[in-house]
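# Results of the structural survey
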Amino acid sequence: MDSTFLQKCRQGDKKSLSVLYTEYKTSWYMIALRYAKSSYDAQDILQNGLVKIFQGMKSFDPNLGQFSSWSNKIIVNECLLFFRNQRQSFSFDEINEDNLSMELDERNEHRIDAQTLTKMIQKLPNGYRVVFNLFAIEGMTHAEIGQILNIKESTSKSQYFKAKKLLKSHLEVII
Amino acid sequence: MSNYKDDFEQLFNKKLSTGTSPDGWNVPPDDLFENAFLQIESKKSSNKKPLFLLLGCALLFSAFYYVFKTQKIIQDSQNEINALKIALKNETPNVKDQFERPLFKTSKKENKTTIEQDNNKVTIDRKPRNKTASLNDESTIIESKNNSRKKNSHIQKDHLINTYRIAVASNRSTSDNSFVMNIANDKTQSKNTLVDSQNQKSNAINSYKTENILPIKKKASGIFHKKERMPLTLAILPNNKTENHEPQKQWGLRLLGSSNASSFKMTNLPPVGNQMLVGYDAFNSGLGFEIGLSYNLSKKQSIIISLGYDKIENHSLLASSHNYNSDNIYNNASNESQYRAYLDYDSPLGFSTQESDLEMKNLNLIEDENLFMAAMISQELDLVSLGFTYQFKLLQKSKFVLSANVQPSINYILKLKNATQISLLKANDLVMAAKESQSIDSYQSLFYTAEVGLELGYNYSNQVRFIVNSSYSHSINSLRKVQASDDPSTYLQLINVNLGTVLRF
């Protein structure tokens, strides 16, 4: 992202923002889809996220990181905020971490596409989904997740494993 | 990738990081961008609202503050005036008296403070004082007593004055340096003299002393300063503004129709033979009109330049006697008997010699018989006048305006029509009569008048004012030509009632 383009985006130039949106819309939307239960919720999240991104362009410093990382974080935060605003409850139950292993044949990997995985994630309960996304996709630690979601680290772990278990069961059906 | 147990996250990361799917399932609709952009724009505009609200609040606050401050100034001024009145009533010693007061007569006040003085030593407490208050409070002697802070500083001021006097007096009499030092400060033990202390302001001892001594003179000037800053004018200004709320039009075109009543006033009218002129001082009506241009000099004053036309009449009766002379009888072309009489008479506007042919009504007349002759003299004047009016507004209530006018004017007699109706009577019987018109050339065609009047106006609108005015004018010089001081003089008296309008622009 060159400085002129960034400057135009910061000034709120519609054309430049449109270009920016075209470039990043898929990745942003996929994040929203993973966190949301439906595409409608994802679109709401994305719209709110777009507003935050466009308004926050002035605070974006290219020297501190890539735009994609910065904007993705905003979308993720917007997803978390969406759940808080929707007052959707997270069910953080303690689960047994046994039997979470999953064996997939390399031959069957092609049968699993992004849309399928996304739909699988969407089917997860809210708590599982969020923790799974934060841990598996965003790469956060359980400690960070606990801090963000205001839960214990162990709870985050258990949520993740529970989500993993469910996803595995779904994957086994597919494969 | 045989075991996904360890690479579970990797699977999701790998799969979910793929780009746009050909079927477009992970492509958001474009209206999301439009909606988001519109949302930003609307937020921008809504962000301006608090700014305007803040600005409005600030203006409102400023207005309230201004009103409050103005009211406070007015109230303070009123209090000061009231206090001044009370002080004057009670014969409160003025500021000068305060300064000239004997040194030790303020003991009552001094007892209230921590000043201690003996023969050679005065100790003043070091209570911090409000310099500003001290400077100003000289004038508060005659001000409101409500301000206790001022009162205290006033007491403090008295102490300082006394201290100064003690110091000066003592310095003169004893030249004791320690005296001044003691006055200055207990903490500082310097032995400077009073003179030194005044010259060396940087000295710690003298700094207190100079602070206390030098402002005394300033205080004296501060009195006047205080009076100067009395905010009376500030209090009055807003009222003036409200009075001037109605815009004043500078120019006005005046159109008036007038009805007048005129009469002549004659002096030094000598008897011409047995003639007697009467009735000239009776008022006779006439008509006229006036057109003028007015200009407002100020809110209350205006000048008017006007051109007027008046038609005035005067009827007088000349009583005389005539001796019948049969030689004056002749027959005219119609074979009617005519009596030719020669009549010399003094009319209001001049002497006239008239030859009249009278129609004989009664022929039974004796030669040289004395007949009563009555001549009705009618004089009509067409006058034009150029007037310069000074108008002063006396009062204004609602839409009505009452003004006083003063007007000197130059008048010119355009035309004089002199008509005489002569009758010769024997006892009460008319024997001869005639109507004649005779020119008179012994009058002044140009004369000056002075006029005073009242005008009542009704402001129908900002542009239109209906007026009715009444004026009395008197000629300054005679309408008759006067060659000697004892010559008969005729002055015009004119009462005008004008009705018209002023079109302001």
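Residues numbered from 1 in each chain as written. Chains lettered and ligands numbered in written order. Predicted model: local features only at pLDDT ≥ 70, side-chain atom pairs only at ≥ 80, totals over all residues. Heavy atoms only, no water.

## Observations regarding the overall build of chain A
Helices and strands together make up the secondary structure of chain A, namely eight helices and zero strands. Reading the helices (α) and strands (β) of chain A from amino to carboxyl end gives α-α-α-α-α-α-α-α. Counting only residues that meet the buried cut, chain A has 47% of its 175 residues in that class. Within chain A, contacts between residues at least 6 apart in sequence are counted, and of these 71% link residues at least 24 apart. In the form shown here, chain A has an accessible surface area of approximately 8900 Å², with 45% of it arising from carbon and sulfur atoms. (Helix = DSSP H or I, 4+ residues; strand = E, 2+ residues; numbered from the N terminus. Buried < 20%, exposed > 50% of the residue type's maximum accessible area, 1.4 Å probe, protein only. Contact = heavy atoms within 4.5 Å. Areas by Shrake-Rupley, 256 points an atom, 1.4 Å probe, with all protein chains shown as cover.)

## Observations concerning the packing of helix α4 (residues 67-85) of chain A against helix α6 (residues 126-137) of chain A
Residue and element names in this part refer to chain A. Where α4 meets α6, the axes come as close as 12 Å, and the angle between the chain directions of the two elements is 165°. Judged by the angle between their axes, α4 and α6 are roughly antiparallel. Taken as a pair, α4 and α6 cross one another with a handedness that is left-handed. Of α6, the residues touching α4 (which contributes Val76, Leu80 and Phe83) are Asn126, Arg129, Val130 and Leu134. Here the contact of α4 with α6 is composed, by residue class, of five nonpolar, one polar and one charged. (Axes fitted to C-alpha atoms, helices over the stretch in contact; angles between N-to-C directions. Parallel < 35°, antiparallel > 145°, perpendicular 65-115°, else oblique. Left-handed = near helix turned anticlockwise from the far one by under 90°. Nonpolar A, V, L, I, M, F, W, Y, C, P; charged D, E, K, R; others polar.)

## What to know about the nonpolar core
If you look at the biggest cluster of nonpolar residues, it comprises 62 residues, and the most contacted ones within it are Leu20, Trp28, Tyr35, Phe54 and Phe132 of chain A together with Phe12 of chain B. It is helix α2 (residues 14-35) of chain A that provides the largest number of residues to this core, a total of eleven residues. Shared between two domains, this core holds at least three residues of each, these being domain 1 (3-85) and domain 2 (106-174) of chain A. Listed in part, the 34 residues of the second largest apolar core include Phe264, Leu358, Leu424 and Leu494 of chain B. (Core = buried A, V, L, I, M, F, W, Y, C linked by side-chain atoms within 4.5 Å. Domains from an automatic or database assignment.)

## A short note on the packing of aromatic side chains
Residues and elements named next belong to chain A. Summed over all chains, the structure comprises 17 aromatic pairs over all chains. A centroid spacing of 5.8 Å and a plane angle of 10° characterise the contact between Phe132 and Tyr160, whose relative ring orientation is stacked. In this pair, Phe132 sits in helix α6 while Tyr160 sits in helix α8 (residues 153-174), placing the two residues 28 residues apart along the sequence. This pair shows no difference in class: Phe132 is buried, exactly as Tyr160 is. Counting every residue linked through ring pairs, the aromatic cluster contains Tyr24, Trp28, Phe60, Phe67 and Trp70. (Phe/Tyr/Trp six-rings, centres within 6.5 Å; stacked < 30°, edge-to-face > 60°.)

## Describing the packing of α2 of chain A against α4 of chain A
Residues and elements named next belong to chain A. The contact between α2 and α4 brings their axes to 10 Å, and the two run at 40°. Between α2 and α4 lies a crossing of right-handed hand. Contact residues: α2 offers Leu20, Tyr24, Ser27, Trp28, Ile31, Ala32 and Tyr35, while α4 offers Phe67, Ser68, Ser71, Asn72, Ile75, Val76, Cys79, Leu80 and Phe83. Considered class by class, the residues forming the contact of α2 with α4 number twelve nonpolar, four polar and no charged.

## What to know about helix α3 (residues 39-55) of chain A
Helix length check: α3 of chain A, at 17 residues, gives a terminal C-alpha distance of 24 Å against a target of 24 Å (1.5 Å per residue), a fit within 8%. Taken together, the buried positions of α3 of chain A are occupied by Asp41, Ala42, Ile45, Leu46, Gln47, Gly49, Leu50, Val51, Ile53 and Phe54 of chain A. (Expected span 1.5 Å × (residues − 1).)

## Details of the pattern of salt bridges
Residues and elements named next belong to chain B. One pass over the full model with this rule turns up five salt bridges over all chains. Put simply, Arg254 and Glu455 hold a salt bridge, and the shortest N to O gap is 2.7 Å. In this pair, Arg254 sits in strand β3 (residues 251-267) while Glu455 sits in strand β13 (residues 446-459), placing the two residues 201 residues apart along the sequence. Glu455 carries the same exposure label as Arg254, and that label is buried. (Salt bridge = Lys/Arg side-chain N within 4 Å of Asp/Glu carboxyl O.)

## Considerations on the confidence of the model for chain A
Residue and element names in this part refer to chain A. On average, residues of chain A score 80 in pLDDT, and 84% of them are at 70 or above. Mean pLDDT across the elements of chain A ranges from a minimum in α8, with 82, to a maximum in α3, with 88. Below pLDDT 50 for its whole length, residues 94-102 participates in 19 contacts with residues either more than four positions away or in separate chains. (pLDDT = per-residue confidence, 0-100.)

## Let's talk about the environment of Ile312 of chain B
All names here are of chain B. Note on placement: Ile312 falls in strand β6 (residues 301-323). According to the relative accessible area criterion, Ile312 is buried, its value standing at 1%. Between the C-alpha atom of Ile312 and that of Gly288, which follows or precedes it by 24 residues, the distance is 8.5 Å.

## A look at unusual backbone geometry
The bulk of non-glycine residues show a negative phi, and the bulk of peptide bonds are trans. Residues and elements named next belong to chain B. Phi angles above zero are rare outside glycine, and Asp368 is one such case at about 65°. Tracing the backbone shows Asp368 in the loop between β9 (350-360) and β10 (370-397). A relative accessible area of 54% means that Asp368 is categorised as exposed. Of note in this structure, Ser398 is not a glycine but carries a positive phi near 55°.

## Remarks on the pairing of β3 of chain B
Two elements, β3 of chain B and strand β5 (residues 284-296) of chain B, share twelve bridges in a ladder whose sense is antiparallel. Paired with Ser258 of chain B across the bridge in β5 of chain B is Gly288 of chain B. (Pairing = 2+ DSSP bridges.)

## With respect to the pairing of strand β12 (residues 429-437) of chain B
Residue and element names in this part refer to chain B. Bridge analysis of β9 against β12 gives two bridges, and the strand direction is antiparallel. Of the residues in β12, the one forming a bridge with Met360 is Met432. For strand β11 (residues 400-426) and β12, the ladder comprises eight bridges, and the chain directions are antiparallel. Residue pairing for β12: Thr420 is matched across the bridge by Glu436.

## Focus on α6 of chain A
All names here are of chain A. Relative to the 16 Å expected for twelve residues at 1.5 Å per residue, α6 spans 16 Å between its end C-alpha atoms, a close match to the ideal helical length. Most of α6 sits inside the fold, with eleven of its twelve residues counted as buried. Taken together, the buried positions of α6 are Asn126, Gly127, Tyr128, Arg129, Val130, Val131, Phe132, Asn133, Leu134, Ala136 and Ile137.

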